[in-house]
Amino acid sequence: MKLDTKSLRYLNPTDWRTLTAVETGSRNHEVVPTSLIANLSKSSLGDVQRSISLLAKANLIAKVKNAKYDGYRLTYGGLDYLALHSLQKNSAVYGVGNQIGVGKESDIFVVSDEKGEQRVLKIHRLGRVSFKKGVRNKRDYARTKAQKERGAGSWMYMSRLAAVKEFAFLQALHDAGLSVPIPLGQNRHQLVMSLIDGFPLRQIEKVPDPAGLYAELIEMLVRLCSLGLIHGDFNEFNILIREEEQGEDIKLVPVLIDFPQMVSVDHPNAEFYFDRDVECVKRFFARRFGFISTDNGPLFKDAKQLVGKDGVRRLDVEVEASGFSRKMARELEAYMKEHGVDGDAKRDETNDIDPSGSEDEEHDDDEDDDSDNPACNGVADTG
Ligand code: ADP
Ligand code: MG
C-alpha cells in the first residue's frame with residue numbers, strides 16, 4: 001500500500017483532532033457518527049464538518065453509507081498519518097522516502113531523521129487482504145462481546161499488536177547484544193529501526209565460507225533459545241547480510257529481522273518452531289551453497305537446557321513484563337493463525353520484493369500460490 005504523505009503538512013490542529021476522534025470512535029463503532037466525531041474532537045460541528053470533508057478527500061477517513069446512519073471509518077491511510085505524526089513529534093521520523101519492501105502483512109519504507117540519516121519504517125498491515133476487498137472474514141463476526149468492545153480482531157488492533165510485539169522483542173534482543181537493527185521508535189502499527197546496509201541472504205548467490213556462516217546462524221538460533229526465545233520465521237528472507245571490513249578481510253555479518261512470530265521456549269509448539277527454523281537454514285544452505293552440515297543438530301531439548309543457565313536472562317519473561325503481555329501474545333497468535341499469516345517461510349521466488357517499489361494492487365489480493373515452494377513449506381502446524 002502506498003504511503004501518500006503529501007497532505008501531512010496541510011492538516012491543521014482541528015483536522016488532527018478530527019482524525020483522532022474518528023480513530024477513538026472506531027474502537028467501538030464500525031461506523032462513527034458525525035455527532036460523535038464532533039463530540040470527541042471537542043470542536044464545533046461546523047469546524048468538524050470542514051475537517052471531515054478534507055480528511056475524506058485525502059482518503060484518511062471513508063464515508064460509510066450502507067449503515068443505519070451515515071458516518072465515517074478510519075482508513076489505513078488515516079491510521080498511517082496518525083502514527084507518522086506521532087513518530088515525527090517524537091523525532092523518530094523526519095522525512096519519508098522510498099518503499100523498499102512489500103509483504104502481505106507489512107510495508108517497509110526508508111525514512112530519515114532530522115540530520116538526514118536513513119532509517120527503516122515498518123508498517124504492519126494485518127488483515128489488509130480482507131480489508132481491501134471490503135469483505136470481512138466470516139469469523140470476524142463471531143468475536144466475543146469483550147473482544148468487540150476492545151476492537152480485538154480488527155485490522156487496526158491486530159496491526160498495532162504486531163508492531164508492539166516486534167518492537168518489544170527488537171528492544172530486548174538489541175539490549176542483550178544480538179545482531180539486530182537498533183530499535184528507534186514505535187507508534188500504533190508502525191515501528192522505526194536502524195537501516196541495515198546489506199541484502200537478505202536470499203539474494204546472495206555465493207559466500208566465501210558457507211560452513212562458517214552456517215555455524216554462525218545456528219549459533220544465533222541456539223543463543224536465542226538460551227535466552228528463552230524461538231524466532232519462528234528464521235530464514236533467508238529475514239537474515240540480512242552486511243559486509244564489514246576487518247583489516248584486509250571482509251567479513252559477512254548476519255543481522256536478524258522480522259519478529260512478529262517469535263515465541264517463548266515454553267510455547268506448546270516450541271519444539272516444532274525450533275526445528276522448523278533449523279530446517280530452513282539447513283535447506284537453504286544445501287540448495288544455495290551446496291553445503292550440508294555433518295552435524296544432525298541442534299536439537300531443541302539440548303538448546304533448551306541452556307535456558308536460564310548461569311544466570312542467563314530470559315527475554316521471553318522480560319518482554320512479557322515490559323508490556324507485551326501473554327494475553328496480547330495469545331490474541332495475536334490466534335488472529336495470525338486464523339488468517340493464515342505464516343511469515344516468510346511460505347514465500348516463493350515469484351513473491352520476491354519488487355525493488356522498484358511499485359506495488360501491484362492485484363497481486364496483494366492473491367491467495368497463497370506457493371504450494372510448490374520447496375523452502376520451509378508444507379509442514380503442518382501441530383497446534
Ligand atoms: P515482512 O514481515 O514483510 O517480511 P521484514 O521485516 O522481513 O517484513 O522486512 C521485509 C524486507 O524489508 C526485508 O527482507 C529487507 O529486505 C527489508 N528490511 C526490513 N527491515 C530492514 C532494515 N532494518 N534494514 C534494511 N532492510 C530492511
Ligand atoms: Mg520478513
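Residues numbered from 1 in each chain as written. Chains lettered and ligands numbered in written order. Predicted model: local features only at pLDDT ≥ 70, side-chain atom pairs only at ≥ 80, totals over all residues. Heavy atoms only, no water.

**As for the pairing of strand 6 (residues 118-124)**
For strand 6, a buried count of 6 out of 7 residues is recorded, marking the element as mostly surrounded by other parts of the structure. Bridge count between strand 5 (residues 106-112) and strand 6: 7 bridges; the pairing is antiparallel. Its bridge partner lying in strand 6, Val111 is registered against Arg119. Remark: 5 residues form the turn of the hairpin made by strand 5 and strand 6, two consecutive strands paired antiparallel; Gly116 in that turn has positive phi of roughly 90°. Relative to strand 8 (residues 190-194), strand 6 runs antiparallel, the two sharing 5 bridges. Counterpart to Arg119 in the pairing with strand 8 is Ser194. (Buried < 20%, exposed > 50% of the residue type's maximum accessible area, 1.4 Å probe, protein only. Helix = DSSP H or I, 4+ residues; strand = E, 2+ residues; numbered from the N terminus. Pairing = 2+ DSSP bridges.)

**Examining the pattern of salt bridges**
Applying the stated criterion to the full structure yields 22 salt bridges. Note that Lys122 is salt-bridged to Glu166, the shortest N-O span being 3.1 Å. Here Lys122, found in strand 6, pairs with Glu166, found in helix 7 (residues 155-175); they are 44 residues apart in sequence, far enough to count as distant. Given the relative accessible area of 6%, Lys122 is considered buried. The residue Asp175 makes a salt bridge to Arg313 at a minimum N-O spacing of 3.2 Å. One end of the pair, Asp175, is in helix 7; the other, Arg313, is in the loop between helix 10 (300-304) and helix 11 (315-322), and 138 residues separate them in sequence. Residue Asp175 is classed as exposed on the basis of its relative accessible area, which comes to 55%. (Salt bridge = Lys/Arg side-chain N within 4 Å of Asp/Glu carboxyl O.)

**So, the environment of Glu105**
Tracing the chain through its elements places Glu105 in the loop between strand 4 (95-102) and strand 5. Residue classification places Glu105 among the partly exposed residues on the basis of a relative accessible area of 22%. Separated by 237 residues in the primary sequence, Glu105 and Asp342 have C-alpha atoms spaced 9.9 Å apart.

**A closer look at unusual backbone geometry**
Following Gly297, the chain continues into Pro298 via a peptide bond in cis, with omega recorded as 0°. Along the chain, Pro298 falls in the loop between helix 9 (270-289) and helix 10. Positive phi outside glycine occurs at Lys42, with the angle close to 55°. Relative to the helices and strands, Lys42 is located in the loop between helix 2 (34-41) and helix 3 (45-57). Of note, Arg188 is a non-glycine position whose phi angle comes to about 50°, a positive value.

**Regarding the sheet that holds strand 3 (residues 71-74)**
Spatially, the 3 strands line up as an open sheet ordered 1-3-2, and their pairing is antiparallel. This sheet does not close on itself; its edge strands, each paired only once, are strand 1 (32-33) and strand 2 (61-64). Two elements, strand 2 and strand 3, share 4 bridges in a ladder whose sense is antiparallel. Within strand 3, the residue paired with Val64 across the bridge is Gly71. The strands touched by helix 1 (residues 13-26) within the sheet are strand 1, strand 2 and strand 3, with strand 3 carrying the most contacts at an inclination of about 90°. (Contact = heavy atoms within 4.5 Å. Axes fitted to C-alpha atoms, helices over the stretch in contact; angles between N-to-C directions.)

**Here's the deal with the coordination of the magnesium ion (ligand 2)**
The protein atoms donating to the magnesium ion (ligand 2) are Asn238 (OD1), Asp258 (OD) and Asp344 (OD), with metal-donor distances spanning 1.8 to 2.1 Å. Sequence positions of the residues that donate to the magnesium ion (ligand 2) give the spacing N-x19-D-x85-D. With Asp258 in the loop between strand 12 (249-256) and strand 13 (263-264) and Asp344 in the loop between helix 12 (326-338) and helix 13 (361-364), this residue pair connects regions lying 86 residues apart in the sequence. We note that Asp258, like Asp344, is buried. (Donors = N, O, S within 2.8 Å, 3.2 Å for Na, K, Ca; no water.)

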